[in-house]
Amino acid sequence: MKLKLKINIKSLVNYIFVILISSGFIASILIALPLTETFLNKTPYDLYTKDYLYWSKEYTLEIDSENPKEIENVRNIIFKRLDRFEVEDISITKLDKGLKVKITTSKNKEVVEELIKNRFYSQIVTRKEDVDFENEEDQYAYLLATNYNATNWDRSDFRNVYLTQLKASTGEYSYFAIFKLWPNKLKEFNKFLSEYKGQYIGVSIDGLVTPYFVSEQETENIFAIPISTDDETQIKAISILYNSGTINSTFTVSSETDIPVVNPKINYIAISILIFLGLVLTYGYLLISKNAPRDILIKSLLTTVLTMSIYLSILKLSQLPVDLFILPIEAILTMILIRVISENKDSTIYIESILLVVLGLTTFLGTGFIAIIARDLLVLLAFAKILLVISGWYIKKLINI
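Note that the structure is predicted; figures quoted are calculated from it, not measured.

Student: So what about the pattern of salt bridges? Which residues, and what values?
Tutor: Applying the stated criterion to the full structure yields nine salt bridges. For Lys57, the salt bridge is made with Glu256, and the minimal N-O distance between the two is 2.9 Å. Here Lys57 is found in strand β1 (residues 55-63), whereas its partner Glu256 is found in strand β11 (residues 251-259), with 199 residues between them in sequence. Look at Lys57 and you get buried, because its relative accessible area is 8%.

Shown next, in the form of structure tokens:
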């Protein structure tokens, strides 16, 4: 007697997919729960908070100008620098002949202070004929701006300065700052360079010169000077210094004052419980009151739980620094956004387009914590959109099984 086993391949594949997805869902929820490590053999699934990274300081800048427009220009450029470096809290107020800059941030202190204290005025210079740059007893002659003649070419003649890796003369790749001209300046600048073919000129930044050799062979030179670091944070800061505007007036930092940082105390566990209870009560009320179809409610509830769980799991596993007080705000806004985009099927594309535009503009034009929340919501919205599709498929398969 022979036994014939009939295996439905399609059903088997569906079972396997449901099991795998269920396992992934459960794992993400467990990792996202507070104090998960106490239940999983002491596995370190903690959120890496910024509480111990924050520092706060106040700087007083004295500007060598009485022109209100120039003082305002310095203020705008320093604010732009700090904002582009994603300093969380920035306050700059005008004084009679200067500025008071107050910041609170988790960013690298040395780099942030470079953005505040450096004028970073860049100008192209040529070597003085009476200076011996080959003198072995003065090995740093090529670095000092006093050994060079100033030219009329400065940062304002270039539309931007682009930092990228290029192959150096040694054959290795290193960072260079490429000065990109305004189109109307190109012919004049090439003419200027042609006068110094086979010679060294340089770029002076706040009194220190980076040499540049003008090739004899090229008709149009790529004007690029080497950067003395490969550190990505430093590269970002240098790019910001180059491209945030030109400060024409000199200034000095007359005083610096450390300010104690008061971090808000957040009970992560209590807030997590309250948000979960709020989510359950909200959807329970909507289900009882029959204000929305049952299948849509279940799908949006599952999507909300999974979106926040996966997001928190990624934060924990990658050890990305996070502000705890921002998470409850993002969780509540995510709940609302998922409910809106899951309910309004006919107008989903319009709602999502408006959300993308608003959050995108807030990310690029906003400052401090507002920009951080907008950026995180863009990520959460992308997760939610994908998980809405997966949740719908998953629920249907569970019902069929």
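That was the structure; now back to the text.
Student: If you had to explain the packing of aromatic side chains to someone new, which residues and values would you point to?
Tutor: What characterises a pair of aromatic rings is the spacing of the ring centres plus the angle enclosed by the ring planes. Evaluated as defined, the whole model comprises 16 aromatic pairs. Ring centres of Phe120 and Tyr242 lie 4.9 Å apart, and the angle between their planes is 85 degrees; this geometry places the pair in the edge-to-face category. Of this pair, Phe120 sits in the loop between α3 (109-117) and β4 (122-127) while Tyr242 sits in helix α5 (residues 232-243), placing them 122 residues apart in sequence. Neither residue differs from the other here; Phe120 and Tyr242 are each classed as buried. Judged by centre distance (5.5 Å) and plane angle (75 degrees), the ring pair of Phe179 and Phe223 falls under edge-to-face. With Phe179 in strand β7 (residues 173-181) and Phe223 in the loop between β9 (208-213) and β10 (224-226), this residue pair connects regions lying 44 residues apart in the sequence. Under the relative-accessibility criterion, Phe179 is labelled buried at 6%. Taken together, the aromatic side chains of Phe120, Trp153, Phe158, Phe179, Phe189, Phe192, Tyr196, Tyr212, Phe223 and Tyr242 make up a single cluster linked through ring pairs. A cation sits over an aromatic face here: Lys109 above Trp55, 5.5 Å from the ring centre.

Student: Kindly report on the nonpolar core, identifying the contributing residues and their values.
Tutor: By size, the foremost hydrophobic cluster in this structure holds 49 residues, and its most contacted members are Leu82, Ile103, Ile124, Phe179, Phe189, Phe223 and Tyr242. The element best represented in this core is α5, accounting for six residues. Here Ile124 is in contact with Ala150, Thr151, Trp153, Phe158, Phe189, Phe192, Ile201, Gly202, Val203 and Phe223, once residues within four sequence places are set aside. Within the second largest apolar cluster, 23 residues are counted, among which are Ala32, Ile341, Ile351 and Leu388.

Student: Would you mind going over the environment of Ile275 in detail, with residue names and values included?
Tutor: By secondary structure assignment, the location of Ile275 is in helix α6 (residues 268-289). Here the alpha-carbon distance between Ile275 and Thr246, two residues 29 residues apart in the chain, equals 48 Å. Apart from residues no more than four positions distant in its own chain, Ile275 is found in contact with Pro328, Ala331 and Met335.

Cut-off values and rules
- Residues numbered from 1 in each chain as written.
- Predicted model: local features only at pLDDT ≥ 70, side-chain atom pairs only at ≥ 80, totals over all residues.
- Heavy atoms only, no water.
- Salt bridge = Lys/Arg side-chain N within 4 Å of Asp/Glu carboxyl O.
- Helix = DSSP H or I, 4+ residues; strand = E, 2+ residues; numbered from the N terminus.
- Buried < 20%, exposed > 50% of the residue type's maximum accessible area, 1.4 Å probe, protein only.
- Phe/Tyr/Trp six-rings, centres within 6.5 Å; stacked < 30°, edge-to-face > 60°.
- Lys NZ or Arg CZ within 6 Å of the ring centre and 35° of its normal.
- Core = buried A, V, L, I, M, F, W, Y, C linked by side-chain atoms within 4.5 Å.
- Contact = heavy atoms within 4.5 Å.

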